[in-house]
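Examination of the molecular architecture
Below are the chains, spelled out letter by letter.
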Amino acid sequence: MHTKAIIPVAGAGTRLRPLTYTQPKPLIPVAGKPIISFIIDQLIDIGVRDFIFVIGYLGEKIKNYVEQAYPDIEKEFVNQELRLGSAHAIWTARESIRDADDVFIFFGDTIIDLDFQLVLQDPYSSLGVKKVNDPREYGVVEYGEEGLVNKVIEKPRIPKSNMAMVGFYHLKEVPSFIDALEFNISNNIRTDGEFPLTDALMRMIEKGTRFSTIEVDNWFNCGKKDVLLETNAIMLRRKGYASANLPEFDNSIIIHPVSIGENCQIVNSIIGPHVTIGNNVRINNAIVRDSIIGNYAAIQEIILQNSVVGNDASITGLRQSLNIGDNTEIDFS
């Protein structure tokens, strides 16, 4: 059985700008670990060894990271020149999956909790889903007989279901999948100007492919700052993510859980809870909580909360010198 995984990571991460002007979204650290590593590790755990990364925007950075962090997996990097949607990204890599017996697709900004054994045991191709409050923002699944999928629709104006696709797919009918991609792209069948994967899956359903759904326990779509920070906090509270044996930092208090990288200087500061700090960071006279701080950042004399700070960024807070008489109230908020 020859299994391959496609991880599309060509998107520009526009909702996380300005961070993503220089840092690809899949490399943003959550609980001390880049988002893309959560995905690769989960697939390695179920025996996948053959990976295809569809890269584009800042693709060299992703390629360098994967090559350094995962020297032992088979990996191929396919460049998506034009960003014309998720199906187009995978169509770009179509030649790489023709020889596969089955294919996993896992979008590069998605962290999920799922019993992957359920996926492996499923007799049908399967789609990862989760109940959402506003299905109009997502690709949505509708069900027919036997609980199988009879329709998938991208961002429906009037949703008939609240089950959204989470960006994880297991496809057993690889030739049918490639045919569906080819058909939609060669016939220029678009939705909102793009080629979404949803339309290719719908073409497969119309041609007789049967899909089941597998509900994920948690879905963290890390494309927005608040979700990114919430995911960071949740993961840090889980076993194995937070830093345990931290060095003594000079006159500083660490409120766990936190993840602190190597060669960091922290002086006269309070760090935590729910803070991820990269490597070679300098923090002086600061209070930082519920935040993600990139490598080589420098932070001093400031209170930071609910913040995402990129690599090599420097932040210095405001300083005041006050001479205040009795019975005075000052509010700087």
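A few words on the sheet that holds strand 22 (residues 308–309). Spatial ordering of the open sheet is given by 15-18-20-22, a layout of four strands whose pairing is parallel. Of all strands in the sheet, those bounded by a partner on one side alone are strand 15 (258–260) and strand 22. For strand 15 and strand 18 (residues 275–277), the ladder comprises three bridges, and the chain directions are parallel. Of the residues in strand 18, the one forming a bridge with Val 258 is Val 275. Running over the sheet, helix 9 (residues 225–237) touches strand 15, strand 18, strand 20 (291–293) and strand 22 and is turned about 90° from strand 20.

This part is about the packing of helix 2 (residues 35–45) against helix 3 (residues 59–69). The interhelical angle for the contact between helix 2 and helix 3, taken along N-to-C directions, is 45°, at an axis separation of 12 Å. It follows that helix 2 is oblique to helix 3 by the angle criterion. Helix 3 is crossed by helix 2, and the crossing has right-handed handedness. Together, Ile 36, Ser 37 and Ile 40 of helix 2 and Ile 62, Tyr 65 and Val 66 of helix 3 make up the contact between the two elements. Tallied by class, the residues present in the contact of helix 2 with helix 3 amount to five nonpolar, one polar and no charged.

Our next topic: the nonpolar core. Note that soluble globular proteins tend to have their nonpolar side chains buried in a common cluster. Counting 37 residues, the largest nonpolar core has Ile 105, Leu 127, Val 152, Phe 177, Leu 197 and Leu 201 as the members making the most contacts within it. Those residues in contact with Val 152, other than ones at most four positions away along the chain, are Leu 127, Val 140, Val 141, Met 165, Thr 198, Leu 201, Met 202 and Ile 205. In this structure, Ile 39, Leu 43, Phe 77 and Ile 214 belong to the second largest nonpolar core, which totals 31 residues.

Here helix 7 (residues 174–186) crosses helix 8 (residues 197–206) at 120°, and the two axes come no closer than 9 Å. Put simply, helix 7 runs oblique to helix 8. Classified by chirality, the crossing of helix 8 by helix 7 is right-handed. Within the contact between the two elements, helix 7 uses Ser 176, Phe 177, Ala 180, Leu 181, Phe 183 and Asn 184 and helix 8 uses Leu 197, Asp 199, Ala 200, Arg 203 and Met 204. Class assignment for the residues of the contact of helix 7 with helix 8 results in seven nonpolar, two polar and two charged.

Quick look at unusual backbone geometry now. Here the bond from His 256 into Pro 257 is cis, since omega is 5°, no more than 30 degrees from zero. Within the element layout of this structure, Pro 257 appears in the loop between strand 14 (253–254) and strand 15. Here the residue pair Gly 272 and Pro 273 is connected by a cis peptide bond, since its omega of 0° sits within 30 degrees of zero. Relative to the helices and strands, Pro 273 is located in the loop between strand 17 (270–271) and strand 18. The backbone of Glu 146 sits at a positive phi, close to 60°, despite the residue not being glycine. Of note, Glu 146 is situated in the loop between strand 9 (139–143) and strand 10 (149–154). Unusually for a residue other than glycine, Asn 280 sits at a positive phi of about 60°. Looking at the element boundaries, Asn 280 is found in the loop between strand 18 and strand 19 (282–289). In this structure Asn 280 comes out as partly exposed when scored by relative accessible area, which is 22%.

For the structure on display, the rule yields 10 salt bridges. In this structure, Glu 146 and Arg 210 form a salt bridge, with 3.0 Å as the shortest nitrogen-oxygen distance. Here Glu 146, found in the loop between strand 9 and strand 10, pairs with Arg 210, found in the loop between helix 8 and strand 12 (211–215); they are 64 residues apart in sequence, far enough to count as distant. With a relative accessible area of 61%, Glu 146 lands in the exposed category. Given the relative accessible area of 39%, Arg 210 is considered partly exposed.

So, about the environment of Pro 26. By the secondary structure assignment, Pro 26 is in the loop between helix 1 (19–22) and strand 2 (29–30). Given the relative accessible area of 6%, Pro 26 is considered buried. Separated by 36 residues in the primary sequence, Pro 26 and Ile 62 have C-alpha atoms spaced 7.8 Å apart. Here Pro 26 is in contact with Val 9, Pro 34, Ile 35, Ile 36, Ile 62 and Gly 108, once residues within four sequence places are set aside.

Definitions and cut-offs
- Residues numbered from 1 in each chain as written.
- Predicted model: local features only at pLDDT ≥ 70, side-chain atom pairs only at ≥ 80, totals over all residues.
- Heavy atoms only, no water.
- Pairing = 2+ DSSP bridges.
- Helix = DSSP H or I, 4+ residues; strand = E, 2+ residues; numbered from the N terminus.
- Contact = heavy atoms within 4.5 Å.
- Axes fitted to C-alpha atoms, helices over the stretch in contact; angles between N-to-C directions.
- Parallel < 35°, antiparallel > 145°, perpendicular 65-115°, else oblique.
- Left-handed = near helix turned anticlockwise from the far one by under 90°.
- Nonpolar A, V, L, I, M, F, W, Y, C, P; charged D, E, K, R; others polar.
- Core = buried A, V, L, I, M, F, W, Y, C linked by side-chain atoms within 4.5 Å.
- Buried < 20%, exposed > 50% of the residue type's maximum accessible area, 1.4 Å probe, protein only.
- Salt bridge = Lys/Arg side-chain N within 4 Å of Asp/Glu carboxyl O.

Note that all results are geometric; they support no functional claim without further evidence.
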